[in-house]
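Chain by chain, the residues run as shown.
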Amino acid sequence: MTVPIDYRQASADFDRFMLDLRDALDLQTTHQAWGALLGVFDTFRRRLTAEQGLAFARALPPLMRAAFVQDWHPSDRVRPFESRETLDAEVMAYHRDHQLAQAGCIAATAATLWKHVDRQRLAAALAALPPAASLFWREEAA
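The residue numbering used here restarts from 1 in each chain and proceeds along that chain's sequence as written. Under the rules for a predicted model, residues below a pLDDT of 70 receive no local features and side-chain atom pairs below 80 are neither given nor counted, while totals for whole chains, interfaces and linings still include all residues. Hydrogens are left out, water is left out, and the side-chain values use all remaining heavy atoms of the structure.

## Points about the nonpolar core
For clarity, the cut-off: What is meant by a nonpolar core is a set of buried Ala, Val, Leu, Ile, Met, Phe, Trp, Tyr and Cys residues, joined one to another through side-chain atoms within 4.5 Å. To sort residues, take the accessible area from a 1.4 Å probe on protein chains only and compare it with the maximum for the residue type: under 20% means buried, over 50% means exposed, and anything in between is partly exposed. Numbering of helices and strands runs from the N terminus; a helix is a DSSP stretch of H or I covering at least four residues, while a strand is a stretch of E covering at least two. The contact criterion used throughout is that any non-hydrogen atoms of two residues lie within 4.5 Å.
By size, the foremost hydrophobic cluster in this structure holds 40 residues, and its most contacted members are Phe44, Phe56, Phe68, Leu113, Leu126 and Trp137. Looking at this core, the elements that each hand over two or more residues are helix H2 (10-24), helix H3 (30-45), helix H4 (50-57), helix H5 (62-69), helix H6 (84-93), helix H7 (105-115), helix H8 (119-127) and helix H9 (131-136). What Leu113 contacts, discounting residues up to four positions off in sequence, is Phe17, Phe41, Leu60, Met64, Leu122 and Trp137.

If you want it as structure tokens, here you go:
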């Protein structure tokens, strides 16, 4: 069996994503963008059951998928989706001492993520989740 191209190119694809995310978030380094990405993923994950989270993760490329499940505690209480401003504030509070995300970080991350995924696959995954999940990842100007 052939190794899928998604796995063979995973590092290069993820590097391109992180560079684009750094630029979209107007940060200086991909290390800073990594912190913001983890905050966005954590904030979204907290609103999903384990089954829902894994359905979303399956739609992501391999290294984004790994970042999405990193440090996840699926047994934690599922939180409700809230306003974009409240969710952005939650991202900004993630590892507060090391976080450089600004207001609009979810929108910027969403716009960047859509450029680096199989759009059809992600749209199908989001369609199977609560409607607020699609709103979280909606495409809009960052």
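That covers the picture; the talk isn't over yet.
## Looking at the environment of Glu140
Positionally, Glu140 belongs in the segment after H9. Sequence-distant contacts of Glu140, that is, excluding residues within four places in its chain, are made with Arg84, Ala107 and Ala111.

## Quick notes on the packing of aromatic side chains
Heads up, the condition is: Any two of the Phe, Tyr and Trp rings considered here, Trp counted by its six-membered ring, make a pair once their centres fall within 6.5 Å; the pair's planes then place it as stacked at under 30 degrees, edge-to-face at over 60, or tilted in between. Counting as a charge over the ring demands two things of the Lys NZ or Arg CZ atom: a distance within 6 Å of the ring centre and an angle within 35 degrees of the ring normal.
Within this structure, the stated rule accounts for 14 aromatic pairs. Ring-pair connections join several aromatic residues into one group, and the members of that group are Phe41, Phe44, Phe56, Phe68, Trp72, Phe81, Phe136 and Trp137. Against the face of Phe136 rests Arg84, its NZ or CZ located 5.9 Å from the ring centre.

## Points about empty space enclosed by the protein
Test applied: Note on definitions: the grid is 1 Å and covers protein atoms alone; a cavity is a set of points where a 1.4 Å probe fits but cannot get out; a pocket is an open set with protein on both sides within 12 Å along at least five of seven lines; lining residues have an atom within 4 Å of a point. Grid points are joined across faces, edges and corners, and a volume is the space filled by probe spheres set on the points.
Taken as a whole and assessed by the stated rule, the structure comprises one cavity of 30 Å³ or more. Approximately 40 Å³ is the volume found for the largest cavity. Surrounding the largest cavity, Ala10, Asp13, Phe14, Phe17, Pro61, Pro62, Leu63 and Met64 form its lining. Every element with two or more residues in the lining of the largest cavity is listed here: H2 and H5. Looking at the lining of the largest cavity element by element, the count peaks at four residues for H2.

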